[in-house]
Structure formats: structure tokens, C-alpha cells
Amino acid sequence: TLSGNSAKTPNRPTAAMDVEEFRKHGKDMVDYICDYMKSLQERQVIPDVQPGYLRLSLPAIPPEQPEAWESIMKDVEDHVMRGVTHWQHPRFHAYFPAGNAYPSIMGGMLGDALGIVGFSWAASPACAELEMLVLDWLAKMTHMPHHFQHESGLGGGVMQGSASDSILVTMLAARRDKLNQIKREHANDFEEGKFLSRLVAYCSKLAHSCVEKAGMISCIQVHQLDYHPDYLGLQGRTLQLAIEEDRRNGLIPFFVCAVLGTTACASCDDLESITQVCQREGLWCHVDAAYAGSAFICEELTYFLRGVEVSRRNVDSYNFNPNKWMLINFDCSVLWVRDKEKLTSSMIVDPVYLQHKHSSNVVDFRHWGIPLSRRFRSLKVWFVIRSYGVEGLRRYIRNHCMLAKLFESQVKRDNRFELVGQVHFGLVCFRWKDSNALTQYLIRQINDSGKLHMIPATVKGQYIIRFALCSEHAKEEDVFYAWNVIKTHADEISTTIKTLNMWTKQAFRNSITKEVDIEQEEDVGDAGEGGDGGEESGSAGG
Ligand SMILES: *Cc1c(COP(=O)(O)O)cnc(C)c1O
């Protein structure tokens, strides 16, 4: 019967959470998050798990029947959390900061709840328009030129999933632009593949690996150029020479990716001289400021932007990641171009089902990147900027810069160490003087202890340790704590080296067999690589 049927058929096809259950568990989830944030200090910053740990604790097959929310959350706490690296932990100094201010978390929640797929203006007008608005806000906040703003009618900004996407999309646009130009010049014998294989892009050897990857994806050779040995940035002169040589070899230079704030050591390319070369030689100039871009809300740091603002012709496109250093959750990477036509003309495909009556006079962001579908990401940016005010964000950046200087002063006072590069932002790089091996050993010991998390990098072939300020509320105490951990491990290593050196000398005096003698000497030489191998001073000397 009818009634029998309706009794058997539930009024929703799935038995999972309804709106009232969501109201309850959603509030529980906020509580869980708050407890997590408050418990960070007691957790170990990096987890103590081996590869494959989760497979051993969770079922390999999905449940056939619905499970209780409580039992899911229990597994989160018992198994998932056990393998989480705590990026928001006050002892986390690896990579770069990953913003997660509360207003940003809430912007993410609301965006998820609206469940919008904002590929065009018509697909959700607010999504397109708020994105345009916050991109203009960000341009104004970070001292970008007027022509990067939608307001200008010339260029504009768009959110991409990552800096890697921004750089790929830009390289594709520059490639299309160059090929179009060649086509106009060689109308009679234009064969795309022939010219494509001659295109060449440039960046410094310290540029992010995503430039190389973008080159691989777009079938473009990328020449990685030497950077200045002192300030660790690419100079216009180096670029000029590379362009000339490549032209002599029949290549077609078309694109440069300059970096402000390299990943290894936050150094900056010399934008002013690079943009001059680009203008003279007709190259597309892109700037990758993934990390450092957020700092340009502070007037006193904008001197690195020389070359961006001078004239309309200077920089063609520019990206930075508010999800690194502006307290906004991943993902949020912004890209500006000075000529929006050049970007979109490499991306436009226009099937009927995506056209709408306002197509001709609104911005459809599906033409500004690779994916069609787009999340409502601008909410979290808008929430954060309004909640903190630009002045609040400046205070956050300045606090990290000040603490970086404090950490730098600690390193300077310990003559076992040397600084690498200059401290402009919230990152300090240092190493054990003259020794890759000791630097590597030291950071390994520290990370293994679980007391602190840092990562290494290489600059000028030297192994370095990066100390990044990450936590939103980082304090002087945190810097002193970190320095103390580093110093304690360094002291242990120094003592071991001293003992080893004494022992070697003794062994030599007692003249045990000659083979043993040589072996010991080599061991010590290795531990103090680059040192003079002198038995008394060793490389831990001082
Ligand atoms: C982090 C970083 C990137 C890569 O960022 P994604 O958004 O993860 O692709 C690129 N360039 C620089 C300078 C970076 O620091």
C-alpha cells in the first residue's frame, strides 16, 4: 500500500546528518577546534609515526552502513591526529607560515556551506564581484600599481589555487602572446611547433622549482641563471648576457620570472635592473612574491618593489600567496596582470552552455585560469581584512620581522655559526661555519628531538638551516626557547668533537697500528668537513 511504502522509504535518500544534527555537531566541531588550538603547546610539533602507520590502524575497506559521528571523531583523535604535523604550533619554524586566522576559518566554512561553483559571473554574481573587490583591496594594500586593479579597466587580479598555478598560467599567456607576435611577423611560413621549441624563459637558480615545472608542462626551456653571491638575487646584467648568448644560438627569449623572497632564504632579485632589460628586449616580466608579497603592506619594506611601480610597461604580472603570510587559510594565491586580454586570450574557450547574457560586460574568472569550477575563496580574505584591519595585519608582519632580527642577533653572538643572506622578512638562515656535515647533523638532531621543527635548504652549494617565524602570536620567549634548543644541541656536538679530537690525538701518541690511525683521522676530518682538520681546533673551534 501507499502508506506502507512511505513508511519504508526514508524521507531522505541518505541517513547521514540532518540540519539539526549539523547544528549540534557543528558546534561540537568548533569546540574541538578550540580545544585543539589551546592544546597545541602540549603536543609534539612533529609526529612520531612511521610511513604506513595509518593503514595499520584504519580499516582498508569503506563501511557499508552509516557510522555514528562520535565513532568517526574518535578515530580522528586516536589515529589521524597522531600523524598530524602541527603547523600552527609555536615550535613550528619550518617552510613558511601557513595562515589560519579564525575569521579565515569562518570564511572557509561559509564558502563550503554555500557550495558555490563560481566559474562565471552568472554562476554566482557575489562570488565574482567579491573576488574582484578583494583583489583590488589587496593591490591597494600591497602598493601595487593602479593598472593591476579591476578598477583600472586595463588589468586585474584573480585567485589561483597556488603560486605554481599562477606561474604556469602566466607562462602560458606569455607563450601565446609571443607566438602571436611571431605569427604576425612570419605570416607566410609560420609553423607553431618550430618556434615553440626555440622559446626560452629565465629565472634565478634560487627561483622556486615550480618555474621549472611550468616550463616542463608548457614545453619551454627554462634557463636558471646565477645570482649575485652577496645579496643572492638575480641581476639585470646577468639576464642581459644570457639573452644575448641565447639569441646568438637561435633561441627566442620571451619570459622572466623574478623572485621577491626566495624560498631558500627570502632573498630578492634586483627587480629594477631586470625590468629594464625586459623592456629593452621585449620579454614578459613576471614577479613571484609568494611569501614576501604580504610584507608589502608595510611601507618600510616596499623598496624591493622598485621596478614594479615605475611605469606601466615594467611588470606584466605578479603573484603572491596570502595563504602564506597574511593569516588566510590555504588555498589563496593571487595573481595580477596588467593586460587582462593577454591572460584570457590564452585560455578562452566558449561553449554555448557556459555563455550568459552578461558575458560581454562582466569578468568570468573561468577564462583566467585552468579549472572551470572555482570556490568562493574571497570570503575568507574579506573576513580577515575586515576583522584585523590593514593596521592589524601590519602589526603581525612587523612582529615577525622584529623577532627574526632578534633571532639573528642570537646567531651573531655564537661564533660557531654564520648567517646566510640578509634578514629582510621573517626568515633567518644560518649554518655551522664551514661545514655542511655539521649543519646537516645539527638540524637532524633537533628535528629528531621533536622540540622544534625547521627545514634545511641549499644556497651557493652550502647546506643551511632556515628558521621561519610562523605562529600568529609568536613572542620573544619563543625565539629564546628555539635558540636554547639549537644551542644545547650544538654544545653536545661541540663536546663530542672535542672528545673525538682528543681521543684521536691520544691514539696517535700511543701509536696503535697505522691503519687504525688513518681511519680515525678520516672520521674526524669528515665530521668537521671543510675545517682544516686540525686536531685541536677542529671545525667546532670557538
Ligand atoms: C611557496 C612558494 C612557491 C610555491 O607555492 P605554491 O602556492 O605551493 O605553489 C612558489 N614560489 C615561492 C617563492 C614560494 O615561496
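If you check an unreviewed UniProt entry, the protein appears there as Aromatic-L-amino-acid decarboxylase from Macrostomum lignano. What UniProt records for the protein under Sequence similarities (unreviewed entry) is the sentence "Belongs to the group II decarboxylase family."

Chemist: So what's going on with the nonpolar core? Residues and values would help.
Modeler: Ranked by internal contacts, the top residues of the largest apolar core, which has 82 residues, are Leu-260, Phe-296, Tyr-318, Trp-336 and Phe-425. The leading source of residues in this core is helix 14 (residues 378-412), at eight residues. Residues lining this core come from more than one domain, with at least three contributed by each of domain 1 (19-98) and domain 2 (117-351 + 359-376). Judged by nonpolar contacts, the second largest core, of 34 residues, contains Ala-201, Cys-210, Trp-284 and Leu-335.

Chemist: How would you explain the packing of helix 15 (residues 436-449) against helix 16 (residues 476-509) if you had to name every residue and give the values?
Modeler: Each packed pair of helices is defined by two parameters, the angle between the axes and the distance between the axes. Taken N-terminus to C-terminus, the directions of helix 15 and helix 16 make an angle of 125°; their axes are 10 Å apart at the nearest point. By the angle between their directions, the pair helix 15 and helix 16 is classed as oblique. In the crossing of helix 15 with helix 16, the sense of the turn from one axis to the other is right-handed. Contacts from Leu-438, Tyr-441, Leu-442, Gln-445, Ile-446 and Ser-449 in helix 15 reach Val-485, Ile-486, His-489, Ala-490, Ile-493 and Ile-497 in helix 16. Residues that form the contact of helix 15 with helix 16 fall into these classes: nine nonpolar, three polar and no charged.

Chemist: Describe the UniProt feature "modified residue: N6-(pyridoxal phosphate)lysine" (unreviewed entry) in the protein, with residues and values.
Modeler: Feature annotation in UniProt assigns "modified residue: N6-(pyridoxal phosphate)lysine" (unreviewed entry) to the following positions: Lys-324. On the secondary structure map, Lys-324 appears in helix 12 (residues 322-325). Leaving out residues up to four positions away in the same chain, Lys-324 has contacts with Phe-96, Pro-97, Ala-98, Gly-99, Ala-290 and Tyr-291.

Chemist: Provide a residue-level description of the pairing of strand 6 (residues 317-320), including the pertinent values.
Modeler: Along strand 6, one buried face is formed by Ser-317 and Asn-319 and the opposite face, lined by Tyr-318 and Phe-320, is buried too. Direction of pairing for strand 5 (residues 284-288) relative to strand 6: parallel, over a ladder of three bridges. In the strand pairing of strand 6, Val-287 is matched with Tyr-318. The pairing of strand 6 with strand 7 (residues 333-337) spans four bridges and is antiparallel. Looking at the pairing, Phe-320 lines up with Val-334 of strand 7.

Chemist: For unusual backbone geometry, give the residues involved together with the corresponding values.
Modeler: With omega at 5°, the peptide bond leading from Phe-330 into Asp-331 counts as cis. Positioned with a positive phi, His-143 is a non-glycine residue whose angle comes to about 60°. As for its position among the elements, His-143 is in the loop between helix 6 (125-141) and strand 1 (156-160). A positive phi angle, close to 60°, is found at Cys-219, a residue other than glycine. Here Cys-219 shows up in the loop between helix 9 (209-217) and strand 3 (221-225). What makes Cys-219 exposed here is its relative accessible area of 52%.

Chemist: Explain the pairing of strand 5 residue by residue, including any values.
Modeler: For strand 5, the buried fraction is high: five of the five residues fall into the buried class. What you see with strand 5 is no split at all: Trp-284, His-286 and Asp-288 on one side and Cys-285 and Val-287 on the other are buried throughout. Here strand 4 (residues 252-259) runs beside strand 5; their pairing, made up of five bridges, is parallel. Its bridge partner being in strand 5, Phe-255 is matched across the sheet by Trp-284. Of the crossover connections in this fold, the one passing from strand 4 over helix 11 (residues 271-281) to the parallel strand 5 is right-handed.

Quick notes on the rules
Residues numbered from 1 in each chain as written. Predicted model: local features only at pLDDT ≥ 70, side-chain atom pairs only at ≥ 80, totals over all residues. Heavy atoms only, no water. UniProt positions renumbered as here; feature names shortened; annotations may be inferred. Core = buried A, V, L, I, M, F, W, Y, C linked by side-chain atoms within 4.5 Å. Buried < 20%, exposed > 50% of the residue type's maximum accessible area, 1.4 Å probe, protein only. Helix = DSSP H or I, 4+ residues; strand = E, 2+ residues; numbered from the N terminus. Domains from an automatic or database assignment. Axes fitted to C-alpha atoms, helices over the stretch in contact; angles between N-to-C directions. Parallel < 35°, antiparallel > 145°, perpendicular 65-115°, else oblique. Left-handed = near helix turned anticlockwise from the far one by under 90°. Contact = heavy atoms within 4.5 Å. Nonpolar A, V, L, I, M, F, W, Y, C, P; charged D, E, K, R; others polar. Pairing = 2+ DSSP bridges. Right-handed = clockwise from strand over helix to strand, strands pointing away.

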